[in-house]
Amino acid sequence: MGLSRRTFGALAGTTVLGLALGGSGGTATGPSGDGRVRIGRDRYALLVDGERLVLRAGEAHPFRLPSPSLWRDVLQKMRAHGYNTVRVPVPWLHHSPAPGRHDFTGVRDLDLFLRMAAETGLYVILRPGPYLGADLDGGGLPGWLTASGVRARTADPAYLRHADAWLTAVNDIAVRHLRTNGAGPVLLYQIENPGGPDPAARAYREHLRRKVRADGIDVPLLHDPAGDGPGGRPDPWGGAGYGQVRRERDAAHLRRLLLTGLADGDALPEADLAFGGTSWGWLPAPATYTSYDRAAPIDEARRPTAALAPAHQLGHLLRSVPGFARLERAADAPASDGRITVRHLADPDTGAHAYVLRNDSAERVTATLPGTGIGTPVTVAARDTRLLVAGLRLGGRKLLYSTAQPMLFLNAGRQDVAVFAGRRGELAQVALECPSEPTPMRLDVEPAWSYGDGRLHVTVPLGVGGLARVRVEGGGSDRPLLLLFADDATSLRLWPYDTPSGPVLVYGPALLRGVRLDGATAHLTGDTTGPTGLEVWGPRGLTRVTWNGSAVRTRISASQSLLAERMLPGVGEVALPALDGWRRRTENPEAAPDFDDSAWPAADRTAASGGTPAPDGQPVLLADDYGFHHGDVWYRARLTDASGLTKVSLAYRTGTLGLLMAWLDGTPLGTHRMPAPDGGTADRGSWTATAAFRVPKRLRGRAGHVLSVLVRPMQRDGEGTARGLTAVAFEGASPRASWRIQGRAAPDPVRGPLNNGGLYGERAGWHLPGHDDGDWEPAELPRADRRQGVTWYRTAFRLSVDPGVDASVGLVLDDDPERAYRVQVFLNGWNLGQYVNDVGPQHTFVLPGGVLRTRGANTLALAVLSDGTTPAGPGRVRLALLGAAAGGVPVRAV
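Just so it is clear, the model here is predicted, and its values are computed rather than measured.

*Asks:* When you look at the overall build of the protein in this model, what are you seeing that I'm missing?
*Replies:* Within the protein one finds 12 helices and 50 strands. For 894 residues, the compact-globule estimate of 2.2 N^0.38 gives 29 Å, and the C-alpha radius of gyration of the protein, at 30 Å, lies within 12% of that figure. C-alpha extents for the protein along the principal axes are approximately 105 × 60 × 55 Å. Across the 894 residues that make up the protein, the buried fraction comes to 61%. Of all intrachain contacts in the protein linking residues separated by at least 6 positions in sequence, the fraction that spans at least 24 positions is 71%.

And the structure:
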């Protein structure tokens, strides 16, 4: 969400401390003296007890990572890569299996997540909706609300009672973690905004505001104008796949977004998606499939990607360089080539200038910048953006200009350290004001310099040999300045870390998780992916280093760092077993005419939950009206007076890729599938169709029949439209029909209401690790079965990953795309997603640690749904190592 300073002032209201946040100027405020923390803003940024805070926010979805241990991993990676704030959606449907019930235990432990954020050093923007969007089923509204008869997202009193109960449950936790209380991480609180100027929308907004304030939430409030999802690009069923999305939404794309936001001067810049995760179970919205990677900088398998470089560089710049906390728009300075647009920002106190250069053309462009004091041509790659600075103070020295983006500045021992970053192959040029001739020392072979007219010019080709170092002494300052130059890849191995004794800078590892200074020793924790060097700059007196608990022999380098004499070890081999020993069992006994459905609820309602009467006197058959909101639903009808029946027509409503299968007296009638979406229908939330089936001639003479129907409803759109059968018509006879319906059994108390659907195997526990499959028939993969219905496959496998290794493991399914079938993937009872072989694009499913036992036994179950028109798999099924690091965080089994 992008909020300008003016918009934030208008929406934030006041805190209970009486701090007015309205207006466009604002004032800085100091500590209140009563133990409370004041949160305000000035024209540049937020003010937290008088300290200016420039937010660098990223959104993360803990509910899409059902392994609480790994939340800490994601949060630590965000902090290490320059984020200081995490925006956290809290989806109502994930926590509420029934009206009035709100579960915040296990994988739903919001209190635990907020404590982890505080321990990691991140602020929190809490976003509990009630409506979220966020590519969730029903926009995050619980399924049971669909059948409650309320008018959601309005001032309907019945809806507000449910919404208030939800907000009460969230706020009872949130109020203990508010920043205004002292040390809590919750800095801002975001509520939905239905939009529109009409009185009803305003009344709803005002009700939410009053409710939140009454619950003791006294941090500034934000309104989400659309309830939209976060940044990043979704990919629909049948789409290009997130590999292609990543190629389109690369580091240059994120850099353009971030630097444009900086140029716009937003006090609260939009929170880009830092980590999405997996829409496991029945969590996703209709337009998306299981993966929620969305090309986020931290991918679905928790691996840092190259797209993190812009976030890493800008985040640490805003944190460590004070001049970037007070920038104002200034007169723009046109480039000599009009294909480059230049946005100009200036600090009115120091005279520092920042220039955001954006090239939206498809060609690399080189231009000069007249009137900026940057006396050298600058090149901007195609569809890329650069940040240049001039007149910036670096401790006791003045940076006249730099064509490479400053990344951080800190004091380390007896010297200052400044880092500059840019694209590989670019020539970084830095000019320092030096009243007298300095003494530069080239510590790597790449840099060159010259001195004249009171200026030291340093030039460095980026990325040639990793990190390039130049140490500058004298030249009008009695404090040495160490200049470090890095390309994007190298910058992702530079880690600043603040400690009570002063800042520390670490170079080399794949990730730095933490630093603890104990006397002369720096205790470092983090990750390595391969053998790597280690270099540490820190406060005076630092003489020893440990890495993940082991002592590291170091020497003092020419750059005054502690330099490891040996490489840190990388990660060892991670062996994954082949998946064999499969056992198989066919399912759907519900299709048999003699199946006992007497315990199923009767589908005999005469009006839908909203009061709409059933069509033509038929009963209401929508699954939601009978309490079945997620996953597959079975219908069975006993037909009497049906002699001569020739045709059955079943009208139904689903989300994207929904389907229907029908049997008459155990004989398959056929399958109807909603079409795969295309460019014009990818965002379509509800699909309706009528499936018409001819009755086989051999069955037409019977007066009585049993009609069995399986519907895969898929997900609801943001309007919460009910799913399932809508009407039934017959030709050749006018039978009476007595209907029963069955969906998911009781919600799984551990995995929640979104894990299971209504397949027979799910109701019987075939997906659970403790199920006895000894009487199932052995099976070999790949398979080529041809039948309408459901077949289950199970196997067990063991992993033995070293305790000090964080292994990201995926399950890969692949087959001839002409084969029409679907697979629900269950690992140790967890429904980790849906594979659609003939639509795609997803073939790899992430198996998160904690759900996956990386040291122990695992049970994999595949529920295969096929329509009988083609041979059905599963085809090739294997485990794949998606990434591994030596280090990680301790992981507990879920």
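There's plenty left to go through after this.
*Asks:* What exactly am I supposed to notice about the sheet that holds strand E10 (residues 328-330) here?
*Replies:* Across a sheet, strands are paired by hydrogen bonds formed along the backbone, either parallel or antiparallel in direction. Taken in spatial order, the 8 strands of this open sheet run E10-E11-E12-E15-E16-E19-E22-E21, and their pairing is antiparallel. Pairing within the sheet leaves two strands with one partner each, and these edge strands are E10 and strand E21 (448-452). Taken over all neighbouring pairs, the strand axes of this sheet differ in orientation by 25 degrees on average, direction set aside. With respect to the sheet, helix H9 (residues 251-264) is in contact with E10, strand E11 (340-346), strand E12 (353-359) and strand E15 (384-394), its orientation differing from that of E15 by roughly 50 degrees.

*Asks:* Just checking my understanding: could you explain the pairing of strand E17 (residues 405-412) for this structure?
*Replies:* The two faces of a sheet get side chains in turn, since along a regular strand they alternate between them. Burial analysis of E17 places 7 of its 8 residues in the buried class, which makes it a mostly covered element. By the bridge criterion, 7 bridges tie E17 to strand E18 (residues 415-422) in an arrangement that is antiparallel. Following the sheet pairing, Asn411 is matched in E18 by Asp416.

*Asks:* Teacher, can you tell me more about the nonpolar core here?
*Replies:* Across soluble globular proteins, nonpolar side chains show a tendency to be buried alongside one another. By size, the foremost hydrophobic cluster in this structure holds 110 residues, and its most contacted members are Leu126, Phe324, Leu483 and Phe485. Here this core takes 9 residues from helix H6 (residues 157-174), the largest share from any one element. Dropping the residues within four chain positions of it, Leu126 is found in contact with Val88, Val90, Leu110, Leu114, Val170, Ala174, Val186, Leu188, Tyr189 and Gln190. Of all hydrophobic cores here, the second largest spans 40 residues; its members include Trp280, Leu579, Leu813 and Ala884.

*Asks:* Would you take a moment to explain the sheet that holds strand E32 (residues 554-556) for this structure?
*Replies:* Spatially, 5 strands are ordered E25-E26-E29-E33-E32 in an open sheet, and the strand pairing comes out antiparallel. Each of the sheet's edge strands pairs with one partner strand only, and the pair in question is strand E25 (494-499) and E32. Each adjacent strand pair in this sheet contributes to an overall mean axis angle of 20 degrees, direction not counted. Across 3 bridges, E32 lies against strand E33 (residues 562-564) in antiparallel orientation. Looking at E33, one finds that Ile556 is bridged to Leu562.

*Asks:* Hey, could you run me through the side chain of Asp717 in this one?
*Replies:* Assignment of secondary structure puts Asp717 in the loop between strand E40 (705-712) and strand E41 (724-731). It turns out Asp717 is buried and unbridged, and the closest side chain with the opposite charge, Arg723, is 4.8 Å from it. Among the polar contacts made by the side chain of Asp717, one reaches the side chain of Ser686 at a distance of 3.2 Å. Of the polar contacts made by the side chain of Asp717, one reaches the side chain of Thr721; its length is 3.4 Å. Residues contacting Asp717, with those up to four places away along its chain left out, are Gly138, Gly139, Pro286, Gly685, Ser686 and Arg723.

*Asks:* Sorry if this is basic, but what is going on with empty space enclosed by the protein here?
*Replies:* Gaps left between atoms are located by rolling a probe of water-molecule size over the structure's atoms. According to the stated counting rule, one finds 11 cavities of 30 Å³ or more in the structure shown. Lining the largest cavity are 14 residues; nearest its centre among them are Pro62, Phe63, His95, Arg108 and Leu110. Sorting the residues of the lining of the largest cavity by element identifies strand E5 (85-89), helix H3 (92-95) and helix H4 (110-120) as the ones contributing at least two each. Classifying every residue of the lining of the largest cavity by side-chain character gives 10 nonpolar, 2 polar and 2 charged.

*Asks:* Where do I start with the environment of Ala614 in this structure?
*Replies:* Within the secondary structure, Ala614 sits in the loop between strand E34 (582-586) and strand E35 (633-640). For Ala614, a relative accessible area of 13% gives the class buried. Expressed as a C-alpha distance, the spacing of Ala614 and Asp604, which sit 10 residues apart in the sequence, is 9.9 Å.

*Asks:* For this particular structure, what's the right way to read the confidence of the model for the protein?
*Replies:* Parts of the prediction with low pLDDT should not have their coordinates interpreted in detail. Residues at a pLDDT of 70 or more form 96% of the protein, whose mean pLDDT is 93. Scored below 50 in pLDDT, residues 1-31 makes 82 contacts in the model with residues more than four places away or belonging to other chains.

*Asks:* How should I be thinking about the packing of helix H2 (residues 68-80) against H4 in this particular structure?
*Replies:* Helix-helix packing is described using two parameters, namely the angle between the two axes and the distance between the axes. In contact at an axis separation of 10 Å, H2 and H4 are set at 35 degrees when each is read in the N-to-C sense. Two packed elements cross with a definite hand, and for H2 against H4 that hand is right-handed. Seen from H2, the contacting residues are Pro68, Trp71, Arg72, Leu75, Gln76 and Arg79; seen from H4, they are Leu112, Phe113, Met116, Ala117, Glu119 and Thr120. Residue composition of the contact of H2 with H4, by class: 7 nonpolar, 2 polar and 3 charged.

*Asks:* Teacher, can you tell me more about the pattern of salt bridges here?
*Replies:* Note on pairing: side chains with opposite charge can pair once their charged atoms come close. In the structure shown here, the tally under the stated rule is 57 salt bridges. For Arg302, the salt bridge is made with Asp806, and the minimal N-O distance between the two is 2.9 Å. In this pair, Arg302 is assigned in the loop between strand E9 (272-275) and helix H10 (308-320) and Asp806 in strand E45 (residues 805-814), connecting sequence segments 504 residues apart. Exposure class is identical for Arg302 and Asp806. Each is buried. Two residues, Glu590 and Arg763, come together in a salt bridge whose shortest N-O distance is 2.9 Å. With a gap of 173 residues between them, Glu590 in the loop between E34 and E35 and Arg763 in helix H12 (residues 760-763) connect regions that are remote in the sequence. Under the relative-accessibility criterion, Glu590 is labelled buried at 0%. When salt bridges that share partners are traced, they join Asp73, Lys77, Arg302, Arg513, Asp527 and Asp806 into one network.

*Asks:* Please explain the layout of surface pockets as it appears in this structure.
*Replies:* Taken as a whole, the largest pocket holds about 940 Å³ of empty space. The wall of the largest pocket is formed by 32 residues, among which Leu53, Asn84, Tyr123, Arg319 and Asp498 lie closest to the centre. If you list the elements that add at least two residues to the lining of the largest pocket, you get strand E3 (51-53), H2, H4, H10 and E25.

Parameters and conventions
Residues numbered from 1 in each chain as written. Predicted model: local features only at pLDDT ≥ 70, side-chain atom pairs only at ≥ 80, totals over all residues. Heavy atoms only, no water. Helix = DSSP H or I, 4+ residues; strand = E, 2+ residues; numbered from the N terminus. Rg over C-alpha atoms; globule rule 2.2 N^0.38 Å. Buried < 20%, exposed > 50% of the residue type's maximum accessible area, 1.4 Å probe, protein only. Contact = heavy atoms within 4.5 Å. Pairing = 2+ DSSP bridges. Axes fitted to C-alpha atoms, helices over the stretch in contact; angles between N-to-C directions. Core = buried A, V, L, I, M, F, W, Y, C linked by side-chain atoms within 4.5 Å. Lys, Arg positive; Asp, Glu negative; His and termini not counted. Salt bridge = Lys/Arg side-chain N within 4 Å of Asp/Glu carboxyl O. Polar contact = N/O pair within 3.5 Å; in protein donor to acceptor, adjacent residues only side chain to side chain. 1 Å grid on protein atoms, 1.4 Å probe; cavity = no way out; pocket = protein on both sides within 12 Å on 5 of 7 lines; lining within 4 Å. Points joined across faces, edges and corners; volume = space filled by probe spheres on them. Nonpolar A, V, L, I, M, F, W, Y, C, P; charged D, E, K, R; others polar. pLDDT = per-residue confidence, 0-100. Left-handed = near helix turned anticlockwise from the far one by under 90°.

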